[in-house]
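# Examining the three-dimensional arrangement
Single-letter residue listing:
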Amino acid sequence: MSVDPPVTVQAQRPSAFLRLLRVLRERWWIVALSALVCTLTALAVSLSSPKEYEASASLLFRNPGFSDALFGSDVFAPSLDPARESSTNLLLVESREVAGAVKRELGLDETTSDLLDKVEVEERTNADIVEIRARDENPRLAARIAGEFATQYVLFRQRADRRKIDDAENLISERLADLPPDAGAERTQLQDALQRLIALGAVQTGNAEVIDRPEVPTVAASPQTRRDVAVALFVGLILGVAIALLVDFLDRRVKSAEEFEELYRVPTLSTVPQSTFAAKRITTQGAPFEPFRILYSGLGFLSVSGPIRVLMVTSAVAEEGKTSVAVTLARA
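This brings us to the side chain of Glu110. For Glu110, the position within the fold is in the loop between helix H5 (96-106) and helix H6 (112-117). Polar side-chain contacts of Glu110 include one of 3.1 Å to the side chain of Lys118. Once residues lying within four places of it in the same chain are set aside, the contact partners of Glu110 are Lys103, Leu115 and Lys118.

Spatially, the 4 strands line up as an open sheet ordered S2-S3-S1-S4, and their pairing is antiparallel. Among the strands making up the open sheet, the edge pair consists of strand S2 (119-123) and strand S4 (208-212). Taken over all neighbouring pairs, the strand axes of this sheet differ in orientation by 30° on average, direction set aside. Two strands pair when backbone bridges link them, and strand S1 (residues 53-61) and strand S3 (residues 129-136) are joined in this way by 8 bridges, in the antiparallel orientation. When the bridges of S3 are listed, Ala57 appears paired with Ile132.

This part covers the nonpolar core. Among the nonpolar cores identified, the biggest contains 26 residues, and Leu59, Ile132, Ile145 and Phe149 are the most heavily contacted of them. When contributions to this core are tallied by element, the ones reaching two or more residues are S1, helix H4 (82-93), H5, H6, S2, S3 and helix H7 (139-178). Take this core: its biggest share by element is 8 residues, from H7. Those residues in contact with Phe149 that sit more than four places away from it in its chain are Val93, Glu94, Val98, Ala99, Val102, Leu115, Leu116, Val119 and Ile132.

Here the focus is the packing of aromatic side chains. On inspection of all chains with the given rule, the structure shows 2 aromatic pairs. Ring centres 5.6 Å apart and planes at 85° place the aromatic pair Phe61 and Tyr153 in the edge-to-face group. With Phe61 in strand S1 and Tyr153 in helix H7, this residue pair connects regions lying 92 residues apart in the sequence. For the pair shown, Phe61 and Tyr153 are each scored as buried. For the ring pair Phe260 and Tyr264, a centre distance of 5.1 Å and an interplane angle of 40° mean the geometry is tilted. Within this pair, Phe260 and its partner Tyr264 are both found in helix H10 (residues 257-264), separated by 4 residues, close to a single helical turn. Residue class for Phe260 comes out partly exposed when judged on its relative accessible area of 26%.

What counts, and where the lines are drawn
Residues numbered from 1 in each chain as written. Predicted model: local features only at pLDDT ≥ 70, side-chain atom pairs only at ≥ 80, totals over all residues. Heavy atoms only, no water. Helix = DSSP H or I, 4+ residues; strand = E, 2+ residues; numbered from the N terminus. Polar contact = N/O pair within 3.5 Å; in protein donor to acceptor, adjacent residues only side chain to side chain. Contact = heavy atoms within 4.5 Å. Pairing = 2+ DSSP bridges. Axes fitted to C-alpha atoms, helices over the stretch in contact; angles between N-to-C directions. Core = buried A, V, L, I, M, F, W, Y, C linked by side-chain atoms within 4.5 Å. Buried < 20%, exposed > 50% of the residue type's maximum accessible area, 1.4 Å probe, protein only. Phe/Tyr/Trp six-rings, centres within 6.5 Å; stacked < 30°, edge-to-face > 60°.

Printed below as a string of structure tokens:
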């Protein structure tokens, strides 16, 4: 109900927290439905997913010092950047060449890419150790894959280092063949270096060794139903709150006296409950009549400049109770 002249008020905007509480109170079913759907979906996906088992093996990277013992220096010196050397080792562990060797050794039918998808390599913090984790629906196969990746990496590094030594041996052998007969001192030095290279090739370790062999897992690593359901519940609640806020933002209806005053900058004289209009007859002694007494009293405060002779009772749509308000107000 509005009066002429209107009295402008400066409505105090409710805090964001109070607005959120109002939205949650009015649209709690959206939050509940969202949480229920997300939880049931996660539960269904988790229960229908096949179990996967995880096994792990550990590799230790270290230089045994054979080059220093034989030559007085490291023939295959590592990178000057330890972080770069570590990253290179991680990439080599899960390289396609190592994966191909694992596939051949285990006699697997899957592709190299599918095999690599089952393996994860992670470096331990502040240590020259990497952990190789393999997952598979078969727990024994998961353990075999993890262990074989560790073994094949060591063999890969051994072969690579031995190829370098073989190349050096070939170069020295060619140099010896080209020496003149009178170059005895140089021949002796080259023959001594060749013998040391042969000895070094025999003890090559690849600068890596397996320190932890995988054990056959007895408990599935995934799916983790409880964790998945808890995460889905949390996500569902957040999503539900976001949807409720969006729906409330798109809803242009005025739902409270405070919101009415904020939008139109006029005071609310009284509010009449919806249940009042459901009564067949409003008596002057009953509780439903009290809002109209308050409205009548409020109109008195607006008539300080002169008596109010005309009131207009209106509404946004038909059959909202205009006649009931006008008649009952007249009775008040």
